[in-house]
Amino acid sequence: MLGDGHAGFGGRAGETHREQSRQGAPVRPINPADAVEKTCHQHRDCLRKHAEEETVTEVPEPSPMLLPPPELPRTQIIERTRHRYEDIHCLLEKRWTISAIARRLNLDRKTVRRFRDTDLDELVASARERRPNGVLEPFKTYLNTRFTEAQGQVSGTRLFLEIQARGYRGSRQVVRKHLAALRAGTAEPVRADIPSPRKITSWIMRPRETLTDSQNERLLQVRLACPDITRACDLARAFADLVRHQRGYLLLEWIRQAEQDAPKLMRGFAGFLRQDLDAVTAGLTLPWSSGVVEGHVNRVKTLKRAMYGRASFELLRTRILTQP
């Protein structure tokens, strides 16, 4: 295993990872970005809580206004989740197997198992999280504040023009629908604007000098929100420095630090590296790389998948042997 940025993928550790995948066992992260992203997923509640606290601190509490009791909006994705839950449990009561239900409802078996093993409330909450923010989402806090300040006595046209001057590019009808939901008490609370785990991971894994001021500020807020993400960030950046500057002699010390006080997923990655320590150290020290071989393998796979079912083996052979 000699590779730039591929530490941990080869040798005994690589075989262990593939065996875990085949057996369906939980697989430990095989690179720091994977460990950081999963850590961010696990601590998303910390980010949301911190963002909500910041919102409360920065925005003064508007004067109270009596509104009808709120109800959960019955959106299309929530309704589909409810119906799917009812259909699956109805068939389960009839003693249908997982495979039979999956064929009947045209679903993956993993989806059927998830609906079998998860409460409806949790599924509905997950469906609500998956809803797209929409073009109005960034302006809902402003609309809600203005609506409450005016005790509901404000026209949709006026608010539409106000947010349009602030960059809103949607239609007037969307604003009117949101105001109607506010008056009826069925408007969903505005969710805190928090970056996705993948976006946070990209900020952490990129060189610091490539981040903009805005990205640095948002990453700082993420670090302040959760100590575990902060520790994962520090370790991931230290590992990235080992890779970029070929400092394999520091790898063992990095593993020891990660095993002492890192989040669980980062400790798992450190243990993964320890299984193949000599090979990983060589990959972070020696000048040679398997990158060229990996590039050819990737090219062959791309050609094969692009031509599958469309052309003959002879044409595939010709394209592979021909220099790009």
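Note that the coordinates shown come from a computational prediction; the quantities given were computed from them, not determined experimentally.

Participant: So what exactly am I meant to see when it comes to unusual backbone geometry here?
Facilitator: Backbone phi values are negative for most residues with the exception of glycine, while trans is the configuration of most peptide bonds. The residue Asn 106 is not glycine, and still its phi comes out positive at about 60°. Structurally, Asn 106 is set in the loop between helix 5 (98–105) and helix 6 (109–117). Not every positive phi belongs to a glycine, and Gln 246 is a case in point at roughly 55°.

Participant: Could you clarify how one ought to interpret the packing of helix 14 (residues 251–261) against helix 15 (residues 264–275) in this entry?
Facilitator: At a minimum axis separation of 8 Å, helix 14 and helix 15 run at an interaxial angle of 145°. As helix 14 packs across helix 15, the resulting crossing turns out to be left-handed. From helix 14, Leu 251, Leu 252, Trp 254, Ile 255, Arg 256, Ala 258 and Glu 259 reach across to helix 15, where they touch Met 266, Arg 267, Phe 269, Ala 270, Gly 271, Leu 273 and Arg 274. Each residue belonging to the contact of helix 14 with helix 15 can be placed in one class, and the counts come to nine nonpolar, one polar and four charged.

Participant: Explanation requested: the nonpolar core in the structure shown.
Facilitator: Generally speaking, soluble globular proteins have nonpolar side chains that are buried together. Within the largest apolar cluster, 34 residues are counted, with the highest numbers of intra-cluster contacts made by Ile 200, Phe 239, Leu 251, Trp 254, Met 266 and Leu 273. For this core, the secondary-structure elements that each account for two or more residues are helix 2 (32–42), helix 3 (44–58), helix 11 (197–205), helix 12 (213–225), helix 13 (227–244), helix 14 and helix 15. When residues of this core are assigned to their parent elements, the largest contribution, eight residues, is made by helix 13. For Trp 254, the contacting residues outside a window of four places in its chain are Leu 235, Ala 238, Phe 239, Leu 242, Met 266, Phe 269, Ala 270 and Leu 273. Among the nonpolar cores identified, the runner-up in size contains 12 residues, and Leu 143, Leu 159, Leu 179 and Leu 182 belong to it.

Quick notes on the rules
Residues numbered from 1 in each chain as written. Predicted model: local features only at pLDDT ≥ 70, side-chain atom pairs only at ≥ 80, totals over all residues. Heavy atoms only, no water. Helix = DSSP H or I, 4+ residues; strand = E, 2+ residues; numbered from the N terminus. Axes fitted to C-alpha atoms, helices over the stretch in contact; angles between N-to-C directions. Left-handed = near helix turned anticlockwise from the far one by under 90°. Contact = heavy atoms within 4.5 Å. Nonpolar A, V, L, I, M, F, W, Y, C, P; charged D, E, K, R; others polar. Core = buried A, V, L, I, M, F, W, Y, C linked by side-chain atoms within 4.5 Å. Buried < 20%, exposed > 50% of the residue type's maximum accessible area, 1.4 Å probe, protein only.

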